[in-house]
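Spelled out from the first residue to the last, the chains are:
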Amino acid sequence: MQISWTSQQGRKRRQNSDAAAVGYCGEFLVATIVDAAEREASGKVLTGTNERGERLAQYWATTCTEVILGAGLINDAERVIAQLAEQQKSLRECFLHDIASYAVLILNEESGALKWLFTGDCRIGFQHSEGDIEWLNTPHRLENAEIFKQAADRQEKPLTSTEKQIAQHSLTQSLNARRFLLPELFEASLPANANVIAATDGFWCEHLFTGTALGNLEDDASWLTITPGRRSVHKTTDTPNFHLFTEDSK
C-alpha cells in the first residue's frame, strides 16, 4: 500500500497533538491514528509525557500498533480489543489527565477487507476516483447521541449556536486513564479504484465540513491516505508524529 501522512498544528493549539503509526504483518496493514485533546490550567498545557518524552498521541499510536503486530492474531477483533484494554492500564503512570480520540485500522491488502475500531471522533472513509470522500463511521459526539437528539426535539426553542457547538465538540466516548471503553467496530470492503482516508476531526470536520482553509484551521488536522499499490510512505508534518514499523523493527 502507498501511505501518505499529512499533519499540521492548529492556530489555537500550543502543539500538534495528533499522531499515527503504521506497520505490516503478512498481508495485513495495521494503522493507529490518535487525536489527543489539549487541556489548559492557569495558562499551562496539561500534557503528560513518559520517560522517552512521548506525549499521549505518540505513545498510544506506536504502542498499540506494535502490540497488535507482535501478537499475530490480527484478524481477531476480540483479541485486538483485549490487547487494547490491557495496554490502556499503562496510561495511569504518565497520562492520568489526558484524553484522546483514536482508531485502529486493520486492512487486508489482498482482499480489501477492513476493520475500524474507534473511540471518539476519528473517522474513516473511502475516497472514490472522482475525489469525493464517503465517510463511513459516526463519531462518538454528543450531537450524535440518541438521548441528546430526543432532548433537542422536546425543546420548545431551537438550539442556540453555542449549544450546537458544545454538542459538536463534546465526546461521548474517549481514551483515558481512568477506565477502558470498548471501541466500536466497523467493517467494510475497500471498493475498486478507491483510497482509504483516516482522519482527525480537524480535517474532516473543520476543514471539509465547515469549509475552513487549511491555513486557517484552529484545530490540529491530520489525515492518513492509503492507496493500493507498491508499498511506500510519504510524510508532510510539522512535528515527529508518525512512526513506520518495518519487518526489522517489530
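Residues numbered from 1 in each chain as written. Predicted model: local features only at pLDDT ≥ 70, side-chain atom pairs only at ≥ 80, totals over all residues. Heavy atoms only, no water.

K.L.:
Before we move on, could you go through the packing of helix α1 (residues 56–71) against helix α2 (residues 77–88) and cite the residues and values that matter?
P.N.:
Close contact between α1 and α2 brings their axes to 10 Å; oriented N to C, the two are set at 135 degrees. In terms of orientation, α1 and α2 fall into the oblique class. In this structure, the crossing between α1 and α2 has a hand that is right-handed. Residues Y59, W60, T63, C64, V67, I68 and A71 of α1 touch α2, and the partners they reach there are V80, Q83, L84, Q87 and Q88. Residues of the contact of α1 with α2, tallied by class, amount to eight nonpolar, four polar and no charged. (Axes fitted to C-alpha atoms, helices over the stretch in contact; angles between N-to-C directions. Helix = DSSP H or I, 4+ residues; strand = E, 2+ residues; numbered from the N terminus. Parallel < 35°, antiparallel > 145°, perpendicular 65-115°, else oblique. Left-handed = near helix turned anticlockwise from the far one by under 90°. Contact = heavy atoms within 4.5 Å. Nonpolar A, V, L, I, M, F, W, Y, C, P; charged D, E, K, R; others polar.)

K.L.:
Lay out the pairing of strand β13 (residues 221–227) in plain terms, naming residues and giving numbers.
P.N.:
Of all the seven residues making up β13, six are buried; the element is thus mostly covered by neighbouring parts of the structure. Examined bridge by bridge, strand β1 (residues 2–8) and β13 share seven bridges and lie antiparallel to one another. Residue Q8 lies in a different strand from β13, and its bridge partner there is A221. Alignment of strand β12 (residues 195–199) against β13, held across four bridges, turns out to be antiparallel. When the bridges of β13 are listed, A198 appears paired with L224. (Buried < 20%, exposed > 50% of the residue type's maximum accessible area, 1.4 Å probe, protein only. Pairing = 2+ DSSP bridges.)

K.L.:
Requested: an account of α2, with residues and values cited.
P.N.:
Compared with the 16 Å implied by 1.5 Å per residue over twelve residues, the 16 Å span of α2 between its first and last C-alpha is a close match. Lining the buried residues of α2 we find α1, α3 (91–94), β6 (99–108), β7 (113–119), β10 (175–176) and β11 (184–189). (Expected span 1.5 Å × (residues − 1).)

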